[in-house]
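One-letter residues, chain by chain:
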Amino acid sequence: MMRELHAIGGNLNQMAAKANATGHIDRTVFQYEANRLRKAVQDIIEAVTAPERRTDNGNHSNMGRNRPP
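So, here's what we can say about the structure.

So, how was this worked out
- Residues numbered from 1 in each chain as written.
- Predicted model: local features only at pLDDT ≥ 70, side-chain atom pairs only at ≥ 80, totals over all residues.
- Heavy atoms only, no water.
- Helix = DSSP H or I, 4+ residues; strand = E, 2+ residues; numbered from the N terminus.
- Expected span 1.5 Å × (residues − 1).
- Contact = heavy atoms within 4.5 Å.
- Axes fitted to C-alpha atoms, helices over the stretch in contact; angles between N-to-C directions.
- Parallel < 35°, antiparallel > 145°, perpendicular 65-115°, else oblique.
- Left-handed = near helix turned anticlockwise from the far one by under 90°.
- Nonpolar A, V, L, I, M, F, W, Y, C, P; charged D, E, K, R; others polar.
- Patch = residues over 30% accessible without salt bridge, like charges linked within 9 Å, V, L, I, M, F, W, Y side chains within 5 Å.
- Areas by Shrake-Rupley, 256 points an atom, 1.4 Å probe, with all protein chains shown as cover.
- Salt bridge = Lys/Arg side-chain N within 4 Å of Asp/Glu carboxyl O.
- Buried < 20%, exposed > 50% of the residue type's maximum accessible area, 1.4 Å probe, protein only.

## Focus: helix 1 (residues 2–22)
Part 1: Counted at 1.5 Å a residue, the expected span for helix 1 with its 21 residues is 30 Å, and the 30 Å between its end C-alpha atoms agrees.
Part 2: Count one or two residues on from helix 1 and you reach G23, which has phi positive near 75°.

## Comments concerning the side chain of E33
Part 1: Topologically, E33 is positioned in helix 2 (residues 27–49).
Part 2: With near-sequence residues (within four places) excluded, E33 lies in contact with I8, N11, L12 and M15.

## Quick look at the packing of helix 1 against helix 2
Part 1: Contact geometry for helix 1 and helix 2: axes closest at 10 Å, N-to-C directions at 150°. Our classification of the angle between helix 1 and helix 2 gives roughly antiparallel. Relative to helix 2, the crossing made by helix 1 is left-handed. Contact residues: helix 1 offers E4, L5, A7, I8, N11, L12 and M15, while helix 2 offers V29, F30, E33, R36, L37, A40 and I44.
Part 2: For the contact of helix 1 with helix 2, a count of residues per class yields 10 nonpolar, one polar and three charged.

## Here we look at a nonpolar patch on the surface
Part 1: Together, M1, I44 and V48 make up an exposed nonpolar region whose accessible area comes to about 280 Å².
Part 2: Looking at the secondary structure, you find V48 in helix 2.

## Some points on the pattern of salt bridges
Part 1: If you walk through the whole model with that rule in mind, you get three salt bridges.
Part 2: Residue R36 is joined to E33 by a salt bridge in which the shortest nitrogen-to-oxygen separation is 3.1 Å. With a gap of three residues between them, R36 and E33 both fall in helix 2, about one helical turn apart. Assigned by exposure class, R36 and E33 land together as buried.
Part 3: Measuring nitrogen to oxygen at the nearest pair gives 2.7 Å for the salt bridge that ties D43 to K39. With D43 and K39 both in helix 2, this residue pair falls four residues apart, about one helical turn.
Part 4: You can call K39 partly exposed: its relative accessible area is 46%.
Part 5: It is possible to trace a salt-bridge network through shared partners that takes in E4, E33 and R36.

This is a description of form; function is not addressed.
This is the structure in C-alpha cells:
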C-alpha cells in the first residue's frame, strides 16, 4: 500500500509542477490519479476499521505469554 501511495503522490506532484509551469492541467490524467487516491484511502479505512478475526476460539488460557520484553 505504501508503494501505491508513493506512486500516486509522485504522479500528482509531477502534474502539479507541469500545471504550475504551463497553466494547464490534463483533466483525464488528474481524474485517473484522483480516483486511484480515493480507492487507496478507502482500502486503508476498510483495513483499519475491519473487525479483527479471532483465531483462538475464545480460549484465553495463554494470555500474557509470548509477549515481547
